[in-house]
Amino acid sequence: MPNSYDVVIIGAGTGGYVAAIRCAQLGKKVAVVEKQKSLGGTCLIWGCIPTKALLEHAHALKVIRDAKEWGVTIPSAAPAIDMNQVQSRKDRIVNGLTRGVEFLFKKNKIDWIKGTARLAGKGKVEIVEGEKQTLEATEIVIATGSSARSVPGIEIDHARIITSDEAIGLKEVPKTLVIMGSGAVGVEFASIYRRFGSEVTVIELLPRLVPLEDEAISAELEKSFKKQGIKSLTGTKVTKAVAGAGGVDIEAQTPDGQSQKLKADLLLVATGRGPVTTGLGAEQVGIAMEKGYIKVDDLYRTSVPNISAIGDVITLGTGAHPQLAHVSSAEGILVAERLAGQDVRPINYDHVPSCTYCDPEIGSVGLTEAEARQKGYDVRVGSFPFGVLGRAKMAGEGEGFVKIVADKKYDEILGVHMIGPRSTELVAEAVLALRLECTVEELIKTIHAHPTFSEAVGEAAHATHGAAIHL
Ligand SMILES: Cc1cc2nc3c(=O)[nH]c(=O)nc-3n(C[C@H](O)[C@H](O)[C@H](O)COP(=O)(O)OP(=O)(O)OC[C@H]3O[C@@H](n4cnc5c(N)ncnc54)[C@H](O)[C@@H]3O)c2cc1C
């Protein structure tokens, strides 16, 4: 039967497309239904890739502005950003990568069914828009992802009150930008548009920026943002936002209960993302849901046999599930291997790295100091500042530090938190250390090349034993 498959996957984001490739590698006949014009989902089209491309532009502008420091003579006027060039370079990168996924589909003989999918009973997926047909599947994997959402009372108009979907495509740099929410998305856009020249204010409801990170990281980021001229209003709640021709009038309530009025060209709502399940028919086929998310067990089985779900759309029922590209891909690979009959083990979410590509960058894995104390560990910590490193001095990027949280009793590393240059790369070593249940002693004995940024990780381990060499 031409439209009968071993596995039909709904959604070609980093969860769905990776699951498809792994299924195909393991000998399955696979189709992926995707309603967008290109493959790759949020990460490639609206998320990780476009934002990091914009951040590279912001970094380039910073280096060029500091040309004198580097001994580079730039004639005439002050350097400025050309948003048309920025957008076309970003689009080229996105298009190149989405076409790359198309190539991988062809290479692995995966059928891309263009359209919107709906579950239509046991082993059936109906394409309701696009290439209308009904597919038959032994196994179905839902990977429909997430979309930006607002908070009650703040209505997104996609023109003045925008989401990250619009913020990645601005053709002009706003003079004033207020950002609601200081999670990864909020602080990355703060870094991008501040460097491009906007007056940026970040409003965060909780008492500190990047509230899921270790407290020391939040404090360092707030200090750096202040230096860069980014205003942080923490413990502050946006109560009203009204868009008009001249901008957005915003009202906020400060921690002492006072009302504060702000005006901005744009308000970026970065308060989180919700699951995409509208029209999917999940409830109709009996799939258990929780607050709109698809409920799965630790091997991503839904409550209905032969239907799995992965990525941003799921909940494991154990608190917030990390909405990250690498998490969705890891879950996709696990599901593919389970469907192929392999012996798979649940993912340990304590070992998932979290990277925020603001300036300075943040990379972290494992327990924060406060979480470790809450769990009853006899905690010891050690930190090492990048500013002392020769390599960081050469790069002119001495902000931040690496902090290790360890258990005094067994010397096990419980968490590693870093803010500063290359932190989103350096965190990989920490992820492996946690996965291998490394002790601080083992990290101390691991030789770090000189001169590198990674020496900060080695030195932080030394510092945890009270014996940093260069402090
Ligand atoms: C601005 C921003 C920056 C980000 N940066 C990072 C980062 O740096 N690192 C990181 O790890 N994560 C980042 N993320 C998060 C990351 O993008 C997501 O966690 C990841 O894309 C989730 O993958 P997914 O496969 O679960 O879903 P998605 O990528 O959302 O893919 C779901 C796909 O399903 C399709 N779909 C939905 N319903 C249907 C249907 N009924 N029929 C057919 N197709 C359907 C959608 O069109 C979409 O293509 C960022 C997100 C944003 C918004």
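Residues numbered from 1 in each chain as written. Predicted model: local features only at pLDDT ≥ 70, side-chain atom pairs only at ≥ 80, totals over all residues. Heavy atoms only, no water.

**As for the sheet that holds strand β14 (residues 266-269)**
So, point 1. Within the open sheet, the five strands sit side by side as β7-β14-β8-β9-β10. Their pairing is parallel. The open sheet has two edge strands, β7 (161-162) and β10 (231-234), and neither has a second partner.
So, point 2. In terms of strand pairing, strand β8 (residues 176-180) meets strand β9 (residues 199-204) through five bridges, oriented parallel. From the neighbouring strand, Met180 faces β9, where its bridge partner is Ile203.
So, point 3. Of the strands in this sheet, β8, β9 and β14 touch helix α6 (residues 184-196), which is tilted by about 170 degrees from β9. (Pairing = 2+ DSSP bridges. Helix = DSSP H or I, 4+ residues; strand = E, 2+ residues; numbered from the N terminus. Contact = heavy atoms within 4.5 Å. Axes fitted to C-alpha atoms, helices over the stretch in contact; angles between N-to-C directions.)

**Remarks on the packing of helix α3 (residues 48-65) against helix α4 (residues 83-107)**
So, point 1. Relative orientation of the contacting elements α3 and α4 amounts to 140 degrees, with a least axis distance of 9 Å. Comparing the axis directions of α3 and α4 gives the class oblique. Relative to α4, the crossing made by α3 is right-handed. Contacts from Ile49, Pro50, Ala53, Leu54 and His57 of α3 reach α4 at Val86, Arg89, Lys90, Ile93, Val94 and Leu97.
So, point 2. Residue classes in the contact of α3 with α4 are distributed as eight nonpolar, one polar and two charged. (Parallel < 35°, antiparallel > 145°, perpendicular 65-115°, else oblique. Left-handed = near helix turned anticlockwise from the far one by under 90°. Nonpolar A, V, L, I, M, F, W, Y, C, P; charged D, E, K, R; others polar.)

**Details of the packing of aromatic side chains**
So, point 1. Under the defined criterion, the tally for this structure stands at two aromatic pairs.
So, point 2. Here the aromatic rings of Phe189 and Tyr193 are separated by 6.4 Å at their centres, their planes lie at 15 degrees, and the arrangement is stacked. In this pair, Phe189 and Tyr193 are both assigned in helix α6, four residues apart and thus about one turn of the helix distant. As far as the burial class goes, Phe189 and Tyr193 line up, both buried.
So, point 3. Between Tyr193 and Phe196 the ring centres are 5.6 Å apart and the planes differ by 90 degrees, which places this aromatic pair in the edge-to-face class. Note that Tyr193 and Phe196 are positioned in helix α6 at a spacing of three residues, about one turn of the helix.
So, point 4. A relative accessible area of 6% means that Phe196 is categorised as buried.
So, point 5. Taking NZ or CZ as reference, Lys114 lies 4.6 Å from the ring centre of Trp112, over its face. (Phe/Tyr/Trp six-rings, centres within 6.5 Å; stacked < 30°, edge-to-face > 60°. Buried < 20%, exposed > 50% of the residue type's maximum accessible area, 1.4 Å probe, protein only. Lys NZ or Arg CZ within 6 Å of the ring centre and 35° of its normal.)

**Some details on a nonpolar patch on the surface**
So, point 1. There is a patch of nonpolar side chains on the surface, built from Val63, Ile64, Trp70, Val72 and Ile74 and spanning about 410 Å² of accessible area.
So, point 2. In this structure, Trp70 sits in the loop between α3 and α4.
So, point 3. Overall, Trp70 belongs to the partly exposed group, its relative accessible area being 43%. (Patch = residues over 30% accessible without salt bridge, like charges linked within 9 Å, V, L, I, M, F, W, Y side chains within 5 Å. Areas by Shrake-Rupley, 256 points an atom, 1.4 Å probe, with all protein chains shown as cover. Salt bridge = Lys/Arg side-chain N within 4 Å of Asp/Glu carboxyl O.)

**Some remarks on the layout of surface pockets**
So, point 1. Considering only enclosed or pocket space, the second largest pocket measures out at about 790 Å³ in volume.
So, point 2. Taken together, 30 residues form the lining of the second largest pocket, with His59, Lys62, Asp359, Glu361 and Glu397 sitting closest to its centre.
So, point 3. When residues of the lining of the second largest pocket are traced back to their parent elements, those giving at least two are α3, α6, α7 (215-228) and α11 (423-435).
So, point 4. For the lining of the second largest pocket, a count of residues per class yields nine nonpolar, eight polar and 13 charged. (1 Å grid on protein atoms, 1.4 Å probe; cavity = no way out; pocket = protein on both sides within 12 Å on 5 of 7 lines; lining within 4 Å. Points joined across faces, edges and corners; volume = space filled by probe spheres on them.)

**Re helix α8 (residues 325-339)**
So, point 1. The terminal C-alpha atoms of α8, which comprises 15 residues, lie 21 Å apart, in line with the 21 Å expected from a rise of 1.5 Å per residue.
So, point 2. α8 sits mainly inside the fold: 12 of its 15 residues count as buried.
So, point 3. Turning to α8, its buried residues number three or more, namely Ala325, Val327, Ser328, Ser329, Glu331, Gly332, Leu334, Val335, Ala336, Glu337, Arg338 and Leu339.
So, point 4. Within two residues after α8, Gly341 carries a phi angle of roughly 85 degrees, on the positive side. (Expected span 1.5 Å × (residues − 1).)

**Re the site of the ligand**
So, point 1. Close to the ligand lie 38 residues; Gly15, Glu34, Thr42, Lys52 and Ala325 are nearest.
So, point 2. Within the contact set of the ligand, an oxygen atom lies 2.8 Å away from a backbone nitrogen or oxygen of Ala325.
So, point 3. Protein coverage of the free-state accessible area of the ligand, which is 1000 Å², stands at 95%.
So, point 4. A per-class count over the shell around the ligand returns 13 nonpolar, 20 polar and five charged. (Near = heavy atom within 4 Å. Polar contact = N/O pair within 3.5 Å; in protein donor to acceptor, adjacent residues only side chain to side chain.)

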